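# Chains, contacts and geometry: an overview
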Amino acid sequence: MKRIVSFAARTQWSGILAAVILGGTALSFAAPAFLTEFNWFVMLRSICVSLLVAFSQMVMLAVGQMNLSVGALGGLVAIIVGGLMEAWGWPTIPAVLAALVVGGAAGLMNGWLTVRTGINGFIVTLATASAFSGINLGITKAVPFYNLPASFVAFGNGRFGLFPSLLIVPLVVTVLLAVFFSRTVQGRYLLAVGGNSHAAELSGVSAGRAILVAHVLSGVLAAAAGVLAVAQLGSAQPTIGADWLVISFAAPIIGGASLLGGSISIVGTLIAVLLVGLIQNAMVLLAVDPYWVTFLLGGLILIAVWINRFRAVRVGED
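Anyway, here's the lowdown on the structure attached to this text. Just so you know, these numbers come straight off a predicted model, no measurement behind them.

## With respect to the nonpolar core
- In this structure, F55, M58, F152, L177, F181, V230 and W244 are the most contacted members of the largest nonpolar core, which totals 92 residues.
- Examining the composition of this core, we find that 15 residues originate from one element, helix 3 (residues 37-62), more than from any other.
- In this structure, W244 is in contact with V49, V53, V70, G71, G74, A222, A225, G226 and A229, ignoring residues within four places of it in sequence.

## As for helix 2 (residues 14-30)
- For helix 2, spanning 17 residues, the distance from its first C-alpha to its last is 24 Å, which sits close to the expected 24 Å at 1.5 Å a residue.
- Looking at helix 2, one finds that the buried residues are S14, I16, V20, G24, L27 and S28.

## Remarks on empty space enclosed by the protein
- This structure, assessed with the given rule, holds 1 cavity of 30 Å³ or more.
- Estimated volume of the largest cavity: approximately 40 Å³.
- Lining the largest cavity are S46, I47, S50, I247, V273, V276, G277 and Q280.
- At the level of secondary structure, the elements contributing two or more residues to the lining of the largest cavity comprise helix 3 and helix 13 (266-285).
- Tallied by class, residues from the lining of the largest cavity come to 4 nonpolar, 4 polar and no charged.

## Some details on the layout of surface pockets
- Approximately 880 Å³ is the volume attributed to the largest pocket.
- Along the wall of the largest pocket there are 31 residues; nearest its centre are S46, S50, D243, W244 and Q280.
- Mapped onto the lining of the largest pocket, the elements with two or more residues apiece are helix 3, helix 11 (207-233), helix 12 (244-254), helix 13 and helix 14 (292-317).

## A closer look at unusual backbone geometry
- With phi around 65°, A142 is a residue other than glycine that occupies positive phi space.
- In this fold, A142 is placed in the loop between helix 6 (121-140) and helix 7 (150-157).

## Overview of the side chain of N39
- Note on placement: N39 falls in helix 3.
- With residues near it in sequence (within four places) discarded, N39 still touches A33, F34, N281 and L285.

## Observations regarding the pattern of salt bridges
- Throughout the structure, instances matching the rule amount to 1 salt bridge.
- In this structure, the salt-bridge partner of R159 is E37, at a minimum N-O distance of 3.4 Å. Placement of R159 in strand 1 (residues 159-160) and of E37 in helix 3 is noted, with a sequence separation of 122 residues between them.
- Here R159 falls in the partly exposed class, since its relative accessible area comes to 36%.
- For E37, a relative accessible area of 44% puts it in the partly exposed group.

Cut-offs used in this document
Residues numbered from 1 in each chain as written. Predicted model: local features only at pLDDT ≥ 70, side-chain atom pairs only at ≥ 80, totals over all residues. Heavy atoms only, no water. Core = buried A, V, L, I, M, F, W, Y, C linked by side-chain atoms within 4.5 Å. Buried < 20%, exposed > 50% of the residue type's maximum accessible area, 1.4 Å probe, protein only. Helix = DSSP H or I, 4+ residues; strand = E, 2+ residues; numbered from the N terminus. Contact = heavy atoms within 4.5 Å. Expected span 1.5 Å × (residues − 1). 1 Å grid on protein atoms, 1.4 Å probe; cavity = no way out; pocket = protein on both sides within 12 Å on 5 of 7 lines; lining within 4 Å. Points joined across faces, edges and corners; volume = space filled by probe spheres on them. Nonpolar A, V, L, I, M, F, W, Y, C, P; charged D, E, K, R; others polar. Salt bridge = Lys/Arg side-chain N within 4 Å of Asp/Glu carboxyl O.

By themselves, these are just geometric observations and shouldn't be taken as functional.
Below is the structure:
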């Protein structure tokens, strides 16, 4: 028991894991439908896109930067993959690969502008977000693409019992990111630059290159989220990504990522996304106005930021 308590005290995400367990237990009594196979399928399916969106922002927080174009880029990629498959008749795999390339290229542009101009990434991505949204609406005229390959749509709706087929992608990405940040030199460089860019430069680490890599990764992950959103909806909607910004910050921050950079938690982000999905599911089952979810997310972000600040002050005192 003492070991369990000690582990929980040292682990940043232990609190939100407890919240998920307690919340799930309470909801199972308050709404028996919560434990049904279909409900779990719906809930797990709803977090697939959110997890990739959260990871897209998390890699930016790792280097102490922010990407405000996550949603706009995801929306642009969504209509690109839909357009390639419907208007141009591309097969699913080439269209998806092209969409990921577009996401990486857009991330590269964000990183290049940030590094070359010296302008804060917050401003750069705010500007590119507007540009991506403009291109999105210019291409589609706000008209969705509906005629997508049946196999692509089937993947978005498929499941193995209570587990959606879509869940395969974010789980694979979770493992790859864990390996990247814990086992690769470049992943360590990103965290080093986020922790102290000046010290990293003195150690021979290129801060500019680390920021560039983070932006490219963020762009690819946002693109992957856009592709999954199209598969989930069964159509390429121009509005995809419009509501991603809040969850992109909420999950990593609640999960333990530092706004100053250098500290992230992949497991914490995963559990935070699950917590948000649980809250959204509870709102539906208990017939509560879903707009309260946004209010709760804002409160959770404020609490998480306060906890991060409190920890930083305690570390400084020690």
